[in-house]
Amino acid sequence: MEEKEKRHLGIRILSSISSLVVIGAITYMFIAGADLASSLILLSAIGGIAGPAIVAGEGVLEVISLFFEIFLEGILAIFEGIAGIVGSIFN
C-alpha cells in the first residue's frame, strides 16, 4: 500500500478551520435560515477547502475527490486535537 503524503501545516490548519466553519454555517442555516452573512461565510469556507484541492488536482474527478479528502482530514484533525486535550487532562 502506498504511503500517504503529509500536507503542509498551513494547509492542515486551513482545512481544519474551514471544515469547522462549514459545519457551523450549515448548522446555523438549518436553525436560523439562510441569510447573506451565513451564505458568505459558507462560501469562503468552501473556498478555503477548494483552493488547495484545485491547486493539487490534475483532473476534475481528482479535484472533487481531493476536496472531500481535505474536508474529512480537517474534521479528523479537529477530533485529534480534542482527543489530545482530553488525553492530556487524564495523563
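Data block above holds the structure.
Scoring rules and cut-offs
Residues numbered from 1 in each chain as written. Predicted model: local features only at pLDDT ≥ 70, side-chain atom pairs only at ≥ 80, totals over all residues. Heavy atoms only, no water. Patch = residues over 30% accessible without salt bridge, like charges linked within 9 Å, V, L, I, M, F, W, Y side chains within 5 Å. Areas by Shrake-Rupley, 256 points an atom, 1.4 Å probe, with all protein chains shown as cover. Salt bridge = Lys/Arg side-chain N within 4 Å of Asp/Glu carboxyl O. Helix = DSSP H or I, 4+ residues; strand = E, 2+ residues; numbered from the N terminus. Buried < 20%, exposed > 50% of the residue type's maximum accessible area, 1.4 Å probe, protein only. Core = buried A, V, L, I, M, F, W, Y, C linked by side-chain atoms within 4.5 Å. Contact = heavy atoms within 4.5 Å. Expected span 1.5 Å × (residues − 1). Bend = angle between axes of the 7 residues up to and from the residue. Phe/Tyr/Trp six-rings, centres within 6.5 Å; stacked < 30°, edge-to-face > 60°. Axes fitted to C-alpha atoms, helices over the stretch in contact; angles between N-to-C directions. Parallel < 35°, antiparallel > 145°, perpendicular 65-115°, else oblique. Nonpolar A, V, L, I, M, F, W, Y, C, P; charged D, E, K, R; others polar. Left-handed = near helix turned anticlockwise from the far one by under 90°.

On to a nonpolar patch on the surface, then. Together, Phe79, Ile82, Ile85, Val86, Ile89 and Phe90 give the surface a local cluster of nonpolar side chains, amounting to about 680 Å² of exposed area. Checked against the element boundaries, Ile85 lands in helix α3 (residues 60–89). A relative accessible area of 53% places Ile85 in the exposed class.

Before going further, it helps to examine the nonpolar core. If you look at the biggest cluster of nonpolar residues, it comprises 11 residues: Val22, Ala25, Met29, Leu42, Ala45, Ile49, Ala53, Leu66, Ile70, Phe71 and Ile75. Those elements giving two or more residues to this core turn out to be α1 (9–32), α2 (36–56) and α3. Apart from residues no more than four positions distant in its own chain, Ile70 is found in contact with Arg7, Ser15, Ser19, Ile49, Pro52 and Ala53.

The terminal C-alpha atoms of α2 lie 30 Å apart, and with 21 residues this matches the ideal 30 Å at 1.5 Å per residue to within 8%. Of all bends in α2, the biggest is about 30 degrees, found at Ala50, and the proline Pro52 comes one to four residues later. In this structure, the buried residues of α2 make contact with α1 and α3.

This paragraph deals with the packing of aromatic side chains. Applying the stated criterion across every chain yields a total of 1 aromatic pair. With 5.4 Å between their ring centres and 80 degrees between their planes, Phe67 and Phe68 make a pair best called edge-to-face.

Time to look at the environment of Leu36. Turning to its location among the elements, Leu36 is positioned in helix α2. A sequence separation of 47 residues divides Leu36 from Ala83, and the C-alpha atoms of the two residues are 35 Å apart.

It is worth spelling out the packing of α1 against α3 at this point. Packed helix pairs are specified by the crossing angle of their axes together with the interaxial distance, meaning the distance between the axes. It is the contact of α1 with α3, at a shortest axis distance of 8 Å, that shows an interaxial angle of 95 degrees. As summarised for this structure, α1 and α3 are arranged roughly perpendicular, according to the angle between their axes. Facing α1, whose interface residues are Ser15, Ser16, Ser19, Leu20, Val22 and Ile23, α3 presents Ile70, Phe71, Gly74, Ile75, Ala77 and Ile78. Taken together, the residues of the contact of α1 with α3 sort by class into 8 nonpolar, 4 polar and no charged.

Our next topic: the packing of α2 against α3. Between α2 and α3, the shortest axis-to-axis distance is 8 Å and the interhelical angle comes to 130 degrees. Of the possible angle classes, the one that applies to α2 and α3 is oblique. Two packed elements cross with a definite hand, and for α2 against α3 that hand is right-handed. Of α3, the residues touching α2 (which contributes Ile46, Ile49, Ala50, Pro52, Ala53, Ile54 and Ala56) are Glu62, Val63, Leu66, Phe67, Ile70 and Phe71. Its residues placed into classes, the contact of α2 with α3 shows 12 nonpolar, no polar and 1 charged.

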